[in-house]
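Examining the three-dimensional arrangement
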Amino acid sequence: SGVLARFVLFLSGIHQIKKHHTLPPKNFEKWARICERIIRHYTEGWANGYTLDMPYWEIWNEPDLDAEDSPNKRTWGGTKAEFFDFYEIVAKYLKSRFPHLKIGGPALAWREDWADDFLCEMQKRSVSLDFFSWHIYAATPEEVKRKATVLRDFLDKYGYEKTESVLNEWNYIRGWTDDFVYSIEAIHGMKGAAFVASVMATAQSSSAVDMLMYYDTRPSAFNGVFDFYTYRPLKTYTCFKWYGEFYDLISEVSATALPKDIYLLCGVDKDGKVTAVITHYSENDEKENAKIKVDFGKDSEYDVFLLDKAHDGERVKTATDLTFDMPVHTCIKIKER
């Protein structure tokens, strides 16, 4: 459930010298009808197809990636005005055929001014928007939260208060040029894992973003979850595993105070027992240890699990005193017995 499908059909080849399938379709209505058949094939069994639970359908990918006057546009070869026409026609057509599905987009690459113009224009044209999707590569969870807040404010300003904000491409990046190699190495190590945990904790406590889709878990340089060659789990794998455990809990618990660069996920199960994940993350790799004392307001025993350079999420002790000296880029899970 919750699968998000993209109407792009051109992702391979966008970074090659010759682009493939990035020009605007010659006939927007015909393209929309083709998409209708694709949806019916995968969700209604049309043409010997399937009946998959795929409620989210995203139109295009990163149409704002390059400037209007760029000679070598990577993802949308037309103008911004052409994309607005295209999106209106396709979104209205698909929503009329599938009112029960969620139709959205446009998988914004980065430009906030472009997003403002897009939402303003869609409001003028009475285009429904079930979800607004966007991407970000950043070095701190605060950058992600800032972007989410800006886009949420845009949505509310133009009457899309009920539209979901879907961050469906994100990962750690310090820079795309001189710092790119450093960034890729960080993704595959403990810093990348701590970044992921801190972003998930930040997003969980924010009302500005509804869903996160990490990019990515395919065999690629951006996969911090599995090793490229062996598919063995990397450090980030444990962060996702731990986050999955929170689905079994019934209520979230927030902290009364968090030190700088400390991020928290915390909840209780049906028996009132606590599970928490504490992350120490900073863009500064030389940051001093953080001294943390956790108080759940009750006496109990807790299993403590450690994720750092030397540990892969295994239990390291059972304790009643939850005082920790946490190096930067460390995650600790606490589970009440």
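Residues numbered from 1 in each chain as written. Predicted model: local features only at pLDDT ≥ 70, side-chain atom pairs only at ≥ 80, totals over all residues. Heavy atoms only, no water.

**Quick look at the overall build of the chain**
In terms of helices and strands, the chain carries seven helices and 14 strands. Relative to its length of 337 residues, the chain is compact, with a C-alpha radius of gyration of 22 Å against a globular reference of 20 Å. For the chain, buried positions account for 52% of its 337 residues. For the chain, the share of sequence-separated contacts (at least 6 apart) that also reach a separation of at least 24 residues comes to 68%. By element, 52% of the accessible surface of the chain is carried by carbon and sulfur atoms, the whole surface being about 17,000 Å². (Helix = DSSP H or I, 4+ residues; strand = E, 2+ residues; numbered from the N terminus. Rg over C-alpha atoms; globule rule 2.2 N^0.38 Å. Buried < 20%, exposed > 50% of the residue type's maximum accessible area, 1.4 Å probe, protein only. Contact = heavy atoms within 4.5 Å. Areas by Shrake-Rupley, 256 points an atom, 1.4 Å probe, with all protein chains shown as cover.)

**Digging into the sheet that holds strand β9 (residues 274–280)**
Taken together, the six strands give an open sheet; going across it, the order is β7-β8-β9-β14-β11-β12, and neighbouring strands pair in antiparallel fashion. Of all strands in the sheet, those with a lone pairing partner are β7 (251–252) and β12 (312–319), marking the two edges. Across six bridges, the pairing between strand β11 (residues 302–307) and β12 is antiparallel. Bridge pairing links D303 to T318 in β12. (Pairing = 2+ DSSP bridges.)

**Observations regarding the packing of aromatic side chains**
Scanning the entire structure with this criterion turns up 34 aromatic pairs. Ring plane angle 85 degrees and centroid distance 6.5 Å describe the contact between Y137 and Y215, whose orientation is recorded as edge-to-face. A residue pair is termed long-range when its members are at least 10 positions apart, and Y137 in strand β4 (residues 131–138) and Y215 in the loop between β6 (211–214) and α7 (235–245) qualify at 78 residues. For Y137, a relative accessible area of 18% corresponds to the buried category. Linked through ring pairs, F28, W31, W60, W76, F83, F84, F86, Y87, W114, F118 and F132 together constitute an aromatic cluster. Above the ring of Y182, the side-chain terminus of R174 is found at 4.0 Å from the ring centroid. A cation over a ring is seen here: K333 above F305, with NZ or CZ 4.3 Å from the ring centre. (Phe/Tyr/Trp six-rings, centres within 6.5 Å; stacked < 30°, edge-to-face > 60°. Lys NZ or Arg CZ within 6 Å of the ring centre and 35° of its normal.)

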